[in-house]
Structures are given as structure tokens and as C-alpha cells.
Amino acid sequence: MTTESLPEHPDFLWRNPEPRSSYDVVIVGAGGHGLATAYYLAKNHGITNVAVLEKGWLAGGNMARNTTIIRSNYLWDESAAIYEHALKLWERLPDELEYDFLFSQRGVLNLAHTLQDVREGVRRVNANRLNGVDAQWLEPDEIAEVCPILNVSPRTRYPVLGGTFQPRAGIAKHDHVAWALARRADEMGVDLIQGCEVTGFLKDGDRVVGVETSRGRILADRVGLAAAGHSSVLAQRAGFRLPVQSHPLQALVSELHEPVHPTVVMSNHVHVYVSQAHKGELVMGAGVDAYNGYGQRGSFHVIEQQMAAAVELFPVFARAHVLRTWGGIVDVTPDASPIIGTTPIDNLYINCGWGTGGFKATPAAGWTFAHTIATGEPHPLNAPFALERFTTGALIDEHGAAAVAH
């Protein structure tokens, strides 16, 4: 895709300048996290001599392929802290950015289908409350009040024994979020450069001093990597390895329907989650595909199993039709938690490994990554997510504990 053919947004025609020869900071990846990092570098730290480099087009990667869910009801203290910070930022960002990106706090309901699900759910509700995160345990009759179209009959294939509910959770329109952050960063003087692939790193010993790109060499005092799905490739080019694997993650939407689904429903046991977008599409997703890959597509059997579970839980959805499917690429770490911090290469910083939790973390990821890049030290919220934890053993294992892989 040439620079001349890059998509434009009707409400925001930003500059796509030629890269300058040098910047204070270069951010690799113009998705949600890269744009949020640039915004908070300017807003919180006064650093505006920043370039955000994107090999494709702005927010055209995973930011364009997520399913918009926002929540903070994670089990472990470290996870709950950073995701709750994100949720609090979400609650004020529409006014702060002066952009309506359709943030809707309609709640997220996580279903329990087995006794183990019940035990885990009650444990997580109590942990959330101790961490100041809003959380409720609901019995089946209470779940029916929150979401009347959900089948809570005990005679179903996946009987609902209860569920956790976070009322402040919800959804936001992902592309609007990207445009809101990009517009504000652009106004502050940040260069958003599309069609500019990073092909290598300029180094002076063990110190990064710039990047090689498809549009020429760019010098930089500091470089931050925020390219979901390709972090390990970039790290290898820089000369170090990351403990991440890249997996396809797919989802789908139906055709438009009248409003029928009032909240977000997720089921870890059957790996399906469902919400209804503002325009009326039913948005459905599943867990990551088991194999490694970089293709932005997924396996048919995953979609098939996902649909079977969805129709069992929501019989009314049997009348809906699939409109389109899509896939993203996510980085998954051994403990299903992100990596945010320094790297073995001086002046090179990394933000990756969010798995399926990247969108909901967008503002907090940008806030903490900007702090780390600006000061050279981690923010207290991202300090536990350092790369070094994989050698010290201080893991933050959210496998299963995160309620579902999203």
C-alpha cells in the first residue's frame, strides 16, 4: 500500500509527513498502545518531538480487529491495579479528548458452568472488592434479570450456575478511540508516519540510537516497541529474545439487529463471549487459535465451536446470520500477562504480550509506557510486568484466573 492510498477519516485529516532525521522518541506501532503512549508522552511529560511509525496505516492492525470489551475484574493484585487504572482513564477520556468514542458502561457478566467455575468466580469477586474493583456474584435468577435473553435453564448443555458481574465494565468503539488519541497527539506536534516499516535498529554497542525504516534512517534518543503480534520479530532484529508466542485470534459479527443484548456475556468454560455493538451487530469471539502464526485469519473449527456454544446460551441467536469474520495476531506470554519496561538494549523499551487484553488496557498501557520511556524507570503500575520476571520467577499467572481469555 502506498502512502497516497492510505485510508482517511472524514473527521480527522492529519499530516503524514516525511520523517525527520531525528527525534527524541520513536514509537514503533501506531495502534492503540502506540498512539496512547505518544499522547501521554506529550500530555504528562511534555515530550512532543515524537514519531509514531506504522508499516501499514494508523490503527490498521489489532486495533481494527478487536472486540471492544473493557473491564478490570482480574484476579491478581498487579493485574487488577493496571486494568482498574485503565478503566478509570476510560471513564474520563471522552471529555478529555473531546471525542465521543461511544464508551458504554453496560457491564460485563462472566458465567460459571461448573462447581470449579463457581469457586473461582466467588474468589475473584472477593479479590476484586479487596482491590477496590466493583464486583458482584449473581445467582441464575439474578443473571436472568441482567440479561433476559440468556438461557439459564438447568437442562441446557451448559447450565448456568451463577456468574460474576462488573457494572462499570463495558465497550467502546475501537476505531473512534484510535482517531481520538491520534487527533490529540497530532495537535500536540507528534508525527504520525504511515507506510513506514522498521526494518532494523541503529546501535552503538549495546545502546539503540535509531531505526532503519522503509523510508530511510531515523535517529532517536529512545525507541519504544508497541507492535502487537510482531514484538518477537522486532526484538530479534534488535538482538534479544522475548518469551512470547504469536497466535491468531478471531471473531465475527452478525448483520444488524434491533437492540436485544443489554450487556456483555463471557464464558470461559465454553470460550465464547457476546456483546451487541452500537449499530446493532452481535459481536462474538472465542479464545486464541492453538497454533502459532502471523496470518490475520483463523481456523474454521474454532468459529464452528464458538457458534455452537453461543446458540446454546442464546437460543434467539439461531436466527442471526454471520456477516463477516476477521482475525488478529496476539503475543502471548507464559503467564498470560504483559511485558512493559526496559530491555537488555539501552534506550530500547518494550510493551507487548497483552494476549487478548490489549484493547481494554489501552490508556493505562500508554500512561505507564510513556512514564517508563520518559524517565527510564518503570511506573509503579508496570514495574511488576518487567521482562526480568521470567528469570526471577515472579510471574503473574492470569491463565484461567482472568475469567476468560479476553
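Refer to the structure presented above.
From a predicted model like this one, the values you see are computed outputs, not experimental measurements.

A. A look at helix 1 (residues 32-45). Here helix 1 spans 19 Å end to end across 14 residues, near enough to the 20 Å set by a 1.5 Å rise per residue. Regarding helix 1, the residues found buried are G32, H33, G34, L35, A36, T37, A38, Y39, Y40, L41 and A42. Just downstream of helix 1, G46 is the residue with a positive phi angle, here 65 degrees.

B. Representation of helix 2 (residues 77-97) in the model. Its 21 residues place the ends of helix 2 29 Å apart at the C-alpha level, agreeing with the 30 Å of an ideal helix rising 1.5 Å per residue. In helix 2, a bend of some 40 degrees at E91 exceeds every other bend along the element, and P94, a proline, comes one to four places later. All of the buried residues in helix 2 are S79, A80, I82, Y83, E84, H85, A86, L87, L89, W90, L93 and L97. Buried residues along helix 2 sit against helix 1, strand 3 (69-70), strand 6 (162-166), helix 5 (174-187), strand 17 (339-342) and helix 8 (362-375). Directly beyond the C-terminal end of helix 2, a positive phi value near 55 degrees is found at E98.

C. How the structure looks around the nonpolar core. By size, the foremost hydrophobic cluster in this structure holds 53 residues, and its most contacted members are W90 and F101. Of all the elements in the fold, those that place two or more residues in this core are strand 1 (22-28), helix 1, strand 2 (50-53), helix 2, helix 5 and helix 8. Looking at which element gives the most residues to this core, the answer is helix 2, with 8 residues. Discounting chain neighbours no more than four positions away, the residues touching W90 are I70, F101, F103, A172, V177, F359, K360, T362 and P363. Judged by nonpolar contacts, the second largest core, of 28 residues, contains Y23, A51, V211 and I345.

D. Fine view of the side chain of T368. With respect to the helices, strands and loops of the structure, T368 is situated in helix 8. At a separation of 2.9 Å, a polar atom in the side chain of T368 contacts the main-chain carbonyl oxygen of A364. There is a polar contact of 3.4 Å between the side chain of T368 and the backbone oxygen of A365. Excluding residues that lie within four positions of it along the chain, T368 makes contacts with I82, I340, H379, L381 and N382.

Cut-off values and rules
- Residues numbered from 1 in each chain as written.
- Predicted model: local features only at pLDDT ≥ 70, side-chain atom pairs only at ≥ 80, totals over all residues.
- Heavy atoms only, no water.
- Helix = DSSP H or I, 4+ residues; strand = E, 2+ residues; numbered from the N terminus.
- Expected span 1.5 Å × (residues − 1).
- Buried < 20%, exposed > 50% of the residue type's maximum accessible area, 1.4 Å probe, protein only.
- Bend = angle between axes of the 7 residues up to and from the residue.
- Contact = heavy atoms within 4.5 Å.
- Core = buried A, V, L, I, M, F, W, Y, C linked by side-chain atoms within 4.5 Å.
- Polar contact = N/O pair within 3.5 Å; in protein donor to acceptor, adjacent residues only side chain to side chain.

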